[in-house]
Amino acid sequence: MSDNREIRIKVPVLTRVEGEGALELDLLNGAIENLKLRIFEPPRLFEKFVEGYERDQVIDMVARICGICPVAYQMSAVQAFERLSDFTPGRWVREMRRVMYCGEWLQSHALHIHLLAAPDFLGFESAIAMAADYPDAVRRGLRLQTLGNDLIALFGGRSVHPVGICVGGFYRAPELKAVEAILQRLRAALPEAEALVAWTSALDFPDDEQSFISVALSDPEEYAIDRGNLVSGQGLDTDIRYFESHFKEVQSPHSTAFHSELDGRPYLTGPLARLNLNFHQLPEPVRRAMDGCGIVFPSHNMFHSIVARALELYFALFEAVRLLEHYQAPQRSREEVTPVEGNAFGCTEAPRGILWHRYDVDDRGIVRYARIVPPTSQNQGRIEEDIRLSLEKMGLDREEEEIRLRAEQVIRNYDPCISCATHFLRLKISHR
Amino acid sequence: MIRLIGVGSPFGADRLGWLAIDYLERCSLPGCELIKLDRPGSALLDYFRGETELVLIDAVRLDDTPGGVALFQPAELERLSCLTSSHGLGVAEAVSLAAQLGELPAGLHVIGIQAGADLSRPPLLDGSALETLVRRLL
């Protein structure tokens, strides 16, 4: 096929992603001339909304940013407020928050693996089409997603925009009977989750090794979800309060989401980055699920993200079982935490990667300024870099449809949550 | 017992599914379970399980009187444009997925409420037409 082609690929609305985005790709004489991941969903302006509200109100408000990862928003916020007051939650609160977070990883990863990513690998245009040939796989995804949702609802009252978390703990503790019921279901799902790791590992992956920086939280005591330092594969290891010293957000005209850079370079956050940095901290039975799968972490092939999600899904189940096995309702589910004036920083691992919050709070606990950096905007630069490298490796002399499909698949490897990412736009009004 | 689900979101005309359930709550309908869901995506299938009779109520965009109601069969959903979705899985896609998996309730009815051209706010719901339609299905 001649290279003297001019190809303009426009994917006006990306499918199987959360929110509204588009891809613009121009190829000229066998080279990429223009590549833009356009994010044009209206900016959410949540950072302004929360100004003037007190801490517990903000925790419920930020849950509204995303229907898929509301727990992550609540956890980063509550961590920020508690750290500012120098309050360390007791063991029960810490463990139950981790369980609730496992519920979010479980439902989000199950959704992405089965309904969003797997159709790409198996050659279907949608999960609906895939369900005809792989009904059991789709049912498994739905079952695991429901289980994750129910685990969130156990603590949050409901799975979408839950309302259970507050400064100092939870508004209420689940009853033992409810915990025992879900524990039984979690245990029963473990073999299915383990088998899912092998199922995803057996998919056909393009050979697409790339050099990139992985960034994740890391904690010496456990596989980091809701606490830890910011670390990178290039040696960064810093408290989350210094995020702004290392990570810079830059505006791009084609997107209503920021691009984020670490020391001037794009970077990856999310399941693959977490496993690249923290795989050794997974419990041994979870690590063993990778034996014989032919994929080794760390991996620098982004197509292995689906396997990373499967392994984390298995871990989330395993961890939730471990933490709920000896459940006892506490005498009190929350402690009073006196507000302190200052700058509050929180960072936790949302299903898609690190979710960093900063709140400037007054001595009554009222938020005066907020800054929220979600994972998808952090990944945006890396996604564009990845599309370019992946297409060049595949060969730009391919059919237009093949190029488009590959580019879309690369984007979906990141499970972008565009609704979360569009938050930055500054409003400028000129009065005459 | 028949389950009626209003699907919607807090945004503009997409609230119609919830407003319909609010209206029906005041109608003292016998043997009904009324549920509001916020963009459930594939989780809608959880609410299908074990049900034989089910009514879905959602805002739709058709060139008709804003606020008016109409009854559709599940197969007709493809031609309807529902207003919001989660990860591209709106009501139509969730119903298609359930059908593909053989998990569609035998007696599934869809009530669409016309959103009108202005999606920024819900039009006035024709509540009496909605109640008449629902009572016919009971």
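Reading the values: the criteria
- Residues numbered from 1 in each chain as written.
- Chains lettered and ligands numbered in written order.
- Predicted model: local features only at pLDDT ≥ 70, side-chain atom pairs only at ≥ 80, totals over all residues.
- Heavy atoms only, no water.
- Helix = DSSP H or I, 4+ residues; strand = E, 2+ residues; numbered from the N terminus.
- Rg over C-alpha atoms; globule rule 2.2 N^0.38 Å.
- Buried < 20%, exposed > 50% of the residue type's maximum accessible area, 1.4 Å probe, protein only.
- Areas by Shrake-Rupley, 256 points an atom, 1.4 Å probe, with all protein chains shown as cover.
- Lys, Arg positive; Asp, Glu negative; His and termini not counted.
- Charge placed at Lys NZ, Arg CZ, Asp CG, Glu CD.
- Contact = heavy atoms within 4.5 Å.
- Salt bridge = Lys/Arg side-chain N within 4 Å of Asp/Glu carboxyl O.
- Polar contact = N/O pair within 3.5 Å; in protein donor to acceptor, adjacent residues only side chain to side chain.
- Pairing = 2+ DSSP bridges.
- Axes fitted to C-alpha atoms, helices over the stretch in contact; angles between N-to-C directions.
- Phe/Tyr/Trp six-rings, centres within 6.5 Å; stacked < 30°, edge-to-face > 60°.

Visitor: Explain the overall build of chain A here, please?
Guide: Counting its secondary structure elements, chain A contains 14 helices and 14 strands. The C-alpha radius of gyration of chain A comes to 21 Å, within 12% of the 22 Å expected for a compact globule of 432 residues. Counting only C-alpha atoms and orienting by the principal axes, one finds that chain A spans roughly 75 × 65 × 40 Å. Residues classed as buried in chain A amount to 63% of the 432 residues present. For chain A, the exposed area adds up to about 17,000 Å²; of that, 48% sits on carbon and sulfur atoms. One way to put it: in chain A the 49 positive side-chain charges average out to a point 4 Å from where the 63 negative ones average out.

Visitor: Is there a simple way to explain the interface of chain B and chain A in this structure?
Guide: With 17 residues of chain B at the contact, the number on the chain A side is 23 residues. Here chain B is connected to chain A by one salt bridge. One salt bridge in this structure joins glutamate 103 of chain B and arginine 139 of chain A, with 3.0 Å as the shortest N-O distance. Linking chain B with chain A are five residue pairs in polar contact (both at pLDDT 80 or more), by the criterion used here. Counting residues per element, the ones that place at least two in the side of chain B that touches chain A are helix H2 (44-48) and helix H3 (91-100) of chain B.

Visitor: Can you help me understand the environment of alanine 94 of chain B in this one?
Guide: Residue and element names in this part refer to chain B. Examined against the element boundaries, alanine 94 turns out to sit in helix H3. In this structure, the C-alpha to C-alpha distance between alanine 94 and alanine 75, residues 19 residues apart in sequence, is 12 Å. The residues contacting alanine 94, other than those within four sequence positions of it, are Gly41, Leu44, Leu45, Phe48 and Leu89.

Visitor: When you look at the sheet that holds strand E12 (residues 342-350) of chain A in this model, what are you seeing that I'm missing?
Guide: Two modes of strand pairing occur in sheets, parallel and antiparallel, and in both the strands are linked by backbone hydrogen bonds. All names here are of chain A. Spatially, three strands are ordered E12-E13-E14 in an open sheet, and the strand pairing comes out antiparallel. The open sheet has two free edges, formed respectively by E12 and strand E14 (367-373), since each of these has just one partner strand. Here the average twist between neighbouring strands, direction ignored, is 15°. Of the strand pairs in this sheet, E12 and strand E13 (residues 353-361) are connected by nine bridges, and their pairing is antiparallel. Note on E13: the bridge partner recorded for threonine 348 is leucine 355. Across the sheet, helix H3 (residues 70-84) touches E12, E13 and E14, and the angle it forms with E12 is around 145°.

Visitor: Is there a simple way to explain the packing of aromatic side chains in this structure?
Guide: Each aromatic ring pair is described using two quantities: the centre-to-centre distance and the angle formed by the ring planes. All names here are of chain A. Per the stated rule, a full pass over the model turns up 17 aromatic pairs over all chains. Measuring from centroid to centroid gives 5.8 Å for tryptophan 92 and phenylalanine 170, while their planes differ by 80°, and the two rings are edge-to-face. Here tryptophan 92 is found in helix H4 (residues 91-122), whereas its partner phenylalanine 170 is found in strand E5 (residues 169-170), with 78 residues between them in sequence. Note on accessibility: tryptophan 92 and phenylalanine 170 belong to one class, buried. With a centroid separation of 6.3 Å and an interplanar angle of 90°, the aromatic rings of tryptophan 105 and tyrosine 223 are classed as edge-to-face. Placement of the pair is tryptophan 105 in helix H4 and tyrosine 223 in the loop between strand E6 (214-218) and strand E7 (229-232), with a sequence separation of 118 residues. The class of tryptophan 105 is buried, set by a relative accessible area of 0%. Aromatic rings pair up to connect Phe243, Phe247, Tyr267, Phe345 and Trp356 into one cluster.

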